[in-house]
Amino acid sequence: MAQVETTLTTDELRERVDRLPRLPLGHLPTPLEYLPRFTQAIGGPPVYIKRDDCTGLAFGGNKTRHNEFLIADALEKGAELVVWGAGVQSNNCRQTAAACAKAGLDIHLVLGRGKPADGPDLVQGNLLLDHLVGAHVEIIDGQVGPEVDARIAEVADEYRQAGRNVYEWDRYTVKSLAAVSYVLCLVEIIEQAREDGQLETRAGGWTPQAVYGCSAGSTGAGMVLAAAALGAQYPVRHVAPIVWPWDTRADMAKIATEAGERIGVDASFVGDDIELFEEFVGPDYGVVTPGCLEAMAVLARTEGILVDPSYSGKALAGLIDHIRSGRLDPEEPVVFVHTGGTPALFAYNEVLSEQIAARSLAMPADQPQVTGGC
Ligand SMILES: Cc1ncc(COP(=O)(O)O)c(C=O)c1O
């Protein structure tokens, strides 16, 4: 883990973040809940879940936190219109569109249907919600990443030429600002764990042995920065939902370094500082994997908590795999950050109903265990 010159307390770190403009959007702090039945079903160390699926703003998720800083930045820059984009079932776009509605900004979304999970254009899940909150939606036959980004830049230029003041999704500037919001998420986790008494044997509070979440970008980068700033001994581990066509570790390290600059934390990260696991993506982004189906079923049926097939479900599959392969201490608490994504469940209705019909959405005791990742 990267070293910082002087480590900070949670209060000091929070105070640094509080200096940046911020639009309150979230229901924060989100709860940190112990999962006794899930822990037992998986046979693991005590598993806690950080409920960032409960951040509010059109069904919650990690982009509520991101948008507190991004939309505040857009408003500071006098923007009247946001041009944004990703895949057809993008949680990011749904939550950004909702944030724009609340802030009184127009939004044009460029949605790429390049991946199997994104088509056909079923007006369901996130896409339905994009329409409901009033986004102007443009669907293109391009991939999430460089192709969608190129169209975003084009559309933003068209609006500028028409005299509009545009806030454009530009990954090189915007990502580190989004990351700042996840510094606060880790601060919340550490404060909540310190005070936690949900588990009798840990009544005096605890420190996680590791924090797991779904990220290949800002969310994880922010938590890595926070862990370094707090002088943490525990790793922050990221299960990727997608394999980007660039060096994701180096990208996340850069985002973390730049986020540090924004809040006055002098820390420099390199790719090797990022613990990223890309093997749980499976055949492709958005394609449901056996490990993910198992994770979805076990969490839902032991705790009544839902995860989605593209993001939080794959991340939870990664955590389950690490528990089963003995990568984690069997006694020490581990935290899973639930980054949301649940509206996409409704766009996967056919895949999921087939799996339920075939009984592959089963608990570990009902069927041979699925091992070896996704
Ligand atoms: C539900 C959910 N979790 C996690 C992520 C990963 O976020 P990032 O890679 O920006 O950190 C996303 C991204 O869209 C998401 O929608």
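These numbers come from a predicted model, not from an experiment.

*Asks:* If you had to explain the overall build of the protein chain to someone new, which residues and values would you point to?
*Replies:* A tally of regular secondary structure across the protein chain gives twelve helices and ten strands. What you see for the protein chain is a C-alpha radius of gyration of 20 Å, in line with the 21 Å of a compact globule of 374 residues. Principal axes of the C-alpha set define a box for the protein chain whose edges measure 60 × 55 × 35 Å. Buried positions account for 52% of the 374 residues belonging to the protein chain. Sequence-distant contacts in the protein chain: of pairs separated by 6 or more residues, those separated by 24 or more amount to 79%.

*Asks:* Run through the sheet that holds strand β10 (residues 334–337), naming residues and quoting values.
*Replies:* The sheet built from six strands is open, its strands ordered β1-β2-β10-β7-β8-β9 with mixed pairing. Since the sheet does not close on itself, it has two edges, and those belong to β1 (32–34) and β9 (275–277), each with one partner. Sheet twist, expressed as the average angle between the axes of neighbouring strands with direction ignored, equals 25°. Judged from the four bridges that link them, strand β7 (residues 210–214) and strand β8 (residues 236–239) form a sheet pairing that is parallel. Bridging from a neighbouring strand, Val211 pairs with Val236 of β8. Across the sheet, helix α11 (residues 312–324) lies against β7, β8, β9 and β10, angled at about 150° from β7, the strand it touches most.

*Asks:* I'd like to hear about the packing of helix α8 (residues 218–229) against helix α9 (residues 248–263), residue by residue, with values.
*Replies:* A pair of packed helices can be characterised by two numbers: the angle between their axes and the separation between those axes. Contact pair α8 / α9: the axes reach a minimum separation of 8 Å and the direction vectors enclose 55°. One way to sum up the angle between α8 and α9 is to call them oblique. As for how α8 packs across α9, the hand of that crossing is right-handed. For the pair α8 and α9, the contacting residues are Ser218, Gly220, Ala221, Gly222, Val224 and Leu225 in the first and Met252, Ile255, Ala256, Ala259 and Gly260 in the second. Residue classes in the contact of α8 with α9 are distributed as seven nonpolar, four polar and no charged.

*Asks:* Account for the environment of Tyr172, with residues named and values stated.
*Replies:* Tracing the backbone shows Tyr172 in helix α7 (residues 171–195). Since 9 C-beta atoms lie within 10 Å of it, Tyr172 is described here as exposed. Here the alpha-carbon distance between Tyr172 and Gly217, two residues 45 residues apart in the chain, equals 11 Å.

*Asks:* I'd like to hear about helix α5 (residues 125–132), residue by residue, with values.
*Replies:* Among the residues of α5, those classed as buried are Gly125, Asn126, Leu127, Leu129 and Asp130. In this structure, the buried side of α5 is in contact with α4 (91–103), β4 (106–112) and β5 (136–140). Just downstream of α5, Gly134 is the residue with a positive phi angle, here 90°.

*Asks:* Please give an account of the site of the ligand that cites residues and values.
*Replies:* Inspection of the region around the ligand gives 17 residues, with Asn91, Gly217, Thr219, Thr339 and Gly341 positioned closest. Elements with a minimum of two residues in the shell around the ligand: α4 and α8. The element contributing the most residues to the shell around the ligand is α8, with three residues. Along the lines of polarity and charge, the residues of the shell around the ligand split into four nonpolar, 13 polar and no charged. Both domain 1 (10–59 + 173–366) and domain 2 (62–170) contribute no fewer than three residues apiece to the shell around the ligand.

*Asks:* Account for the pairing of β4, with residues named and values stated.
*Replies:* Counted residue by residue, β4 has six buried out of seven residues, so it is predominantly covered. Direction of pairing for strand β3 (residues 81–87) relative to β4: parallel, over a ladder of seven bridges. The residue of β4 that forms the bridge with Gly87 is Gly112. Across five bridges, β4 lies against β5 in parallel orientation. Within β5, the residue paired with Leu111 across the bridge is Ile139.

*Asks:* Tell me about the pairing of β8, and name the residues and values.
*Replies:* Where burial is concerned, the two faces of β8 agree: the one with Val236 and His238 and the one with Arg237 and Val239 are both buried. Regarding the hand of the β-α-β motif, the stretch spanning β7, α8 and β8 is right-handed. Running through α9, the crossover from β8 to the neighbouring parallel element β9 is right-handed.

*Asks:* So what about the sheet that holds β5? Which residues, and what values?
*Replies:* Taken together, the four strands give an open sheet; going across it, the order is β5-β4-β3-β6, and neighbouring strands pair in parallel fashion. In this open sheet, the two strands that pair with only one neighbour each are β5 and β6 (166–168). On average, each strand axis in the sheet is tilted by 20° relative to the strand beside it, whichever way the strands run.

Conventions used here
- Residues numbered from 1 in each chain as written.
- Predicted model: local features only at pLDDT ≥ 70, side-chain atom pairs only at ≥ 80, totals over all residues.
- Helix = DSSP H or I, 4+ residues; strand = E, 2+ residues; numbered from the N terminus.
- Rg over C-alpha atoms; globule rule 2.2 N^0.38 Å.
- Buried ≥ 20, exposed ≤ 12 C-beta atoms within 10 Å, placed from the backbone.
- Contact = placed C-beta atoms within 7 Å.
- Pairing = 2+ DSSP bridges.
- Axes fitted to C-alpha atoms, helices over the stretch in contact; angles between N-to-C directions.
- Parallel < 35°, antiparallel > 145°, perpendicular 65-115°, else oblique.
- Left-handed = near helix turned anticlockwise from the far one by under 90°.
- Nonpolar A, V, L, I, M, F, W, Y, C, P; charged D, E, K, R; others polar.
- Near = placed C-beta within 6 Å.
- Domains from an automatic or database assignment.
- Right-handed = clockwise from strand over helix to strand, strands pointing away.

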